[in-house]
Amino acid sequence: MKYLVIGRAILLCLIFISCNGQINRTSHTDSKIIGGGCDGCELMYIGMPKEIHSVDTSPGWNEKGQKLIVTGTVFQLDGKTPAKDVILYYWQTDNDGYYSPRAGMDEQAKRHGHIRGWVKTDAYGKYTIKTIRPAPYPDDVLPAHIHLSVKEPDIENEYYTDEINFDDDKLLIPHFKKYPQENRGGSGVVKVLLKHSLQTAQHDIVLGLNIPNYPKNRYKKQSGLNINKFRRSKDVYHLQTQGLSLPDNYE
Ligand SMILES: [Fe+2]
């Protein structure tokens, strides 16, 4: 029992450390750093493979939990031009709501847990992450989420975008009433679709949107994209590339 209590305390500490960095990122905005600074995003470089693909299967895919496929397109600031070769680093809690490390992990990277990985957008700006639904933190009120850190090929530093949240999460609305979305890169709220036992969600990102210090002169047009608007043809294309059919409740 004693060891159980100690173990739980350590895991809660890991949770606190991991998300504390995220929450505090906006408390001080550096006047020079694109994105205003990001405590923890730099961990994306630890263990980053030399070759990163547009489709990644997370370590959680074969673990206990609801299987989830997140697909999306990354756009330039105009909201229309697909952005290729953009690296997205993701990290999330496990099926019990913990950033659970694995033996042998880098000591620094442990704070992000073992369910972490990378994708690099393809020529069409597309990416796919095969993972499981993260659980909310135990005894917490934060909605479940997947963190994202973005590294563009011609931007010197990485920055974070809105976390991926799920529209069927009962913790979502109470949380956003207290803490409105920043919409960094666009809304992180995704619509969850279910087909048999598989959930899918589309999450598009507009580079630079609501990102402090982002070079505004890169593109003349600002984004007019409705981030959560589903584009049927692209959904169909992307799911089909993964050998999947449209979910039953697809509208
Ligand atoms: Fe978190």
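You'll find the structure just up there.
Just so it is clear, the structure is predicted and the values come from calculations on it, not from any experiment. (Residues numbered from 1 in each chain as written. Predicted model: local features only at pLDDT ≥ 70, side-chain atom pairs only at ≥ 80, totals over all residues. Heavy atoms only, no water.)

Description of the nonpolar core
Working step 1: Counting residues in each nonpolar core, the largest one holds 30 residues, and the members touching the most others are Val74, Leu88, Phe166, Leu207 and Tyr214.
Working step 2: For this core, the secondary structure elements donating two or more residues are β2 (67–75), β3 (87–92), β5 (126–132), β6 (146–151) and β12 (205–206).
Working step 3: It is β2 that contributes the most residues to this core, 4 residues altogether.
Working step 4: If near-sequence neighbours (up to four positions away) are discounted, valine 74 is found in contact with Thr81, Pro82, Ala83, Val86, Leu88, Thr121, Gly125, Tyr127, Ile205 and Leu207.
Working step 5: In this structure, Tyr89, Ala109, Tyr137 and Leu142 belong to the second largest nonpolar core, which totals 13 residues. (Core = buried A, V, L, I, M, F, W, Y, C linked by side-chain atoms within 4.5 Å. Buried < 20%, exposed > 50% of the residue type's maximum accessible area, 1.4 Å probe, protein only. Helix = DSSP H or I, 4+ residues; strand = E, 2+ residues; numbered from the N terminus. Contact = heavy atoms within 4.5 Å.)

What about the environment of glutamate 163?
Working step 1: By the element assignment, glutamate 163 lies in the loop between β7 (159–160) and β8 (165–166).
Working step 2: Overall, glutamate 163 belongs to the partly exposed group, its relative accessible area being 23%.

Thoughts on the pairing of strand β10 (residues 192–195)
Working step 1: Taken together, the 4 bridges between β10 and strand β11 (residues 198–202) define a ladder with antiparallel strand orientation. If you follow lysine 195 over to β11, its bridge partner there is leucine 198.
Working step 2: Turn length for the β10-β11 hairpin, with the two strands adjacent in sequence and antiparallel, is 2 residues, and the turn residue histidine 196 shows positive phi of about 55 degrees. (Pairing = 2+ DSSP bridges.)

Focus: the sheet that holds β7
Working step 1: The strand order across the open sheet built from 4 strands is β4-β3-β6-β7, with neighbouring strands paired in antiparallel fashion. Each of the sheet's edge strands pairs with one partner strand only, and the pair in question is β4 (116–120) and β7.
Working step 2: Strand direction decides the pairing type here: β3 and β4, joined by 5 bridges, are antiparallel. Each bridged residue has a counterpart across the sheet, and for isoleucine 87 the counterpart in β4 is lysine 120.

Thoughts on the state of the cysteines
Simply put, the disulfide is a covalent bond whose two ends are the sulfur atoms of two cysteines.
Working step 1: One pass over the structure, following the stated rule, counts 1 disulfide.
Working step 2: Bridging cysteine 38 to cysteine 41, the disulfide has an S-S length of 1.8 Å. The S-S bond linking cysteine 38 to cysteine 41 shows a torsion near 60 degrees; that makes this disulfide right-handed. Judged on exposure class, the residue cysteine 38 and its partner cysteine 41 are both buried. (Disulfide = S-S within 2.5 Å.)

Looking at the pattern of salt bridges
It is possible for side chains bearing opposite charge to pair when their charged atoms get close.
Working step 1: Taken as a whole, this structure holds 4 salt bridges when the rule is applied.
Working step 2: The salt bridge involving lysine 110 is made with glutamate 107; its shortest N-O contact spans 2.9 Å.
Working step 3: In this structure lysine 110 comes out as partly exposed when scored by relative accessible area, which is 22%.
Working step 4: Look at glutamate 107 and you get exposed, because its relative accessible area is 60%. (Salt bridge = Lys/Arg side-chain N within 4 Å of Asp/Glu carboxyl O.)

Notes on the packing of aromatic side chains
Working step 1: Summed over the entire model, instances satisfying the criterion amount to 4 aromatic pairs.
Working step 2: What links up through ring pairs into an aromatic cluster is the set Tyr89, Trp91 and Trp118.
Working step 3: It is arginine 133 that lies over the ring of phenylalanine 166; its NZ or CZ is 4.1 Å from the centre. (Phe/Tyr/Trp six-rings, centres within 6.5 Å; stacked < 30°, edge-to-face > 60°. Lys NZ or Arg CZ within 6 Å of the ring centre and 35° of its normal.)

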